[in-house]
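Per-entry structural report
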Amino acid sequence: MRAILITAILVFGMVSTSCQTRPGNDQAIANSASKSADSKTKIPVIVELFTSEGCSSCPPADRALKFLAKQQPVTNVEIIPLAFHVDYWNYLGWKDEFSAPQFSRRQELYVSRFKLDSAYTPEMVVDGQAEFVGNDTGRAAKLIADAAAREKGNVTASFDGDALVVSGSNLPKHETATVFLAVVEDNITSNVKHGENAGQIFNHSAVVRSLSALGAVEKASADFQLRISLPTITENQRIVIFVQDNTDRRILAAQSIMPKRLA
């Protein structure tokens, strides 16, 4: 699915008014990468999916992301899924309650980064370095393995009373970067009553409910520490912290956290 996106820098033309899709195959990913073994040294890889309940091509991609999250099929890799629901298809008859203009703007950064004609759904982005149609699980497997082979730093978080202390170390060479915190929710049931997916009931996973920029990391800095207020989360939610280069969009470090207590 493609849309018009207009920014101060770029003006994109309308490509289509319906979802773009390409065949995907969960078996391809199972054949191309073995299921992860238990490991203390699993390499985190961020997999973003730009999706919408109003896009008829998105359900297979949503299932693909859930497959990656639950099966963790790439050896010694921790796949960290993030489903960003965009808002630019809300006019088609169904307003996606999980969508936000902020998530559409985030996708615009990848439109620029990858020199695309326009944003589209479903789009999957692996570690900020490769994008493709989100239901192509065979390609996802290869790109996740490729991302895990690149140099990465470490990011950790610890609780200190009502505060969260976020520390980064050994970051690879980078331009100015941003530390992000995403609150992510699983096991969300949604009954779509109108639009292209009318009549379908979705069970969403890895839905990004909020995305906050915690602070900047100066160019070439290998280490950082931030102290923030502990975000409010619910039972099915977790926290994902990642560091992203502002220029080439590389994910420099990431961690998924399931807090032991609720704030």
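Coordinates for the structure precede this section.
Calculation criteria
- The written sequence of each chain sets the order in which its residues are numbered from 1.
- Where local features are concerned, this predicted model is filtered to residues with pLDDT of at least 70; where side-chain atom pairs are given and counted, the filter is 80 or more; whole-chain, interface and lining totals use all residues.
- Working from all heavy atoms in the structure, the side-chain values ignore hydrogens and water.
- Helix numbers and strand numbers start at the N terminus; a helix is a DSSP run of H or I with at least 4 residues, a strand a run of E with at least 2.
- Relative accessibility under 20% of the residue-type maximum defines a buried residue, over 50% an exposed one, and the middle range a partly exposed one, all with a 1.4 Å probe and only protein chains included.
- By the convention used here, residues are in contact when the closest approach between their heavy atoms is within 4.5 Å.
- Strands pair, by our definition, only if DSSP identifies at least two bridges between them.
- With axes taken as lines fitted to C-alpha atoms, and helix axes fitted only over the stretch in contact, angles between N-to-C directions fall between 0 and 180 degrees.
- Here a Phe, Tyr or Trp ring, Trp counted by its six-membered ring, pairs with any other such ring whose centre lies within 6.5 Å, and the pair is stacked when the planes are under 30 degrees apart, edge-to-face when over 60, and tilted otherwise.
- The span expected for a helix works out to 1.5 Å for each residue beyond the first.

What about the environment of Gly 195?
Looking at where Gly 195 falls in the secondary structure, it is placed in the loop between strand S8 (188–191) and strand S9 (201–204). Overall, Gly 195 belongs to the partly exposed group, its relative accessible area being 32%. Distance from Gly 195 to Cys 55, taken between C-alpha atoms, is 8.3 Å for residues 140 residues apart in sequence. Those residues in contact with Gly 195, other than ones at most four positions away along the chain, are Leu 92, Gly 93 and Trp 94.

Regarding the sheet that holds strand S11 (residues 224–229)
Strand order in this open sheet of three strands is S5-S6-S11, and the pairing throughout is antiparallel. Every other strand in the sheet has two partners, leaving strand S5 (154–160) and S11 as the edge strands with one partner each. Each neighbouring strand pair of the sheet contributes to a mean axis angle of 20 degrees, computed without reference to strand direction. In terms of strand pairing, S5 meets strand S6 (residues 163–169) through seven bridges, oriented antiparallel. What sits directly across from Val 155, in S6, is Gly 168.

Digging into the pairing of strand S7 (residues 177–185)
Most of S7 sits out of view: nine of its nine residues are buried. What you see with S7 is no split at all: Ala 177, Val 179, Leu 181, Val 183 and Glu 185 on one side and Thr 178, Phe 180, Ala 182 and Val 184 on the other are buried throughout. By the bridge criterion, nine bridges tie S7 to strand S10 (residues 207–217) in an arrangement that is antiparallel. Within S10, the position partnered with Val 184 by the bridge is Val 208.

Focus on the packing of aromatic side chains
Enumeration over the complete set of coordinates arrives at seven aromatic pairs. Judged by centre distance (6.0 Å) and plane angle (65 degrees), the ring pair of Phe 50 and Tyr 110 falls under edge-to-face. Here Tyr 110 lies in helix H3 (residues 101–113) and Phe 50 lies in strand S1 (residues 43–51), a separation of 60 residues in the sequence. Look at Phe 50 and you get buried, because its relative accessible area is 0%. When its relative accessible area of 0% is taken as the criterion, Tyr 110 is described as buried. Relative to Tyr 91, the ring of Trp 89 has its centre 6.2 Å away and its plane inclined at 35 degrees; by these criteria the two rings are tilted. Members of the aromatic cluster, joined through ring pairs, are Phe 50, Phe 84, Phe 103, Tyr 110 and Phe 114.

A closer look at helix H4 (residues 137–148)
An ideal rise of 1.5 Å per residue puts 16 Å on twelve residues; H4 measures up with 16 Å between its terminal C-alpha atoms. Among the residues making up H4, those that are buried are Thr 137, Ala 140, Ala 141, Leu 143, Ile 144, Ala 147 and Ala 148.

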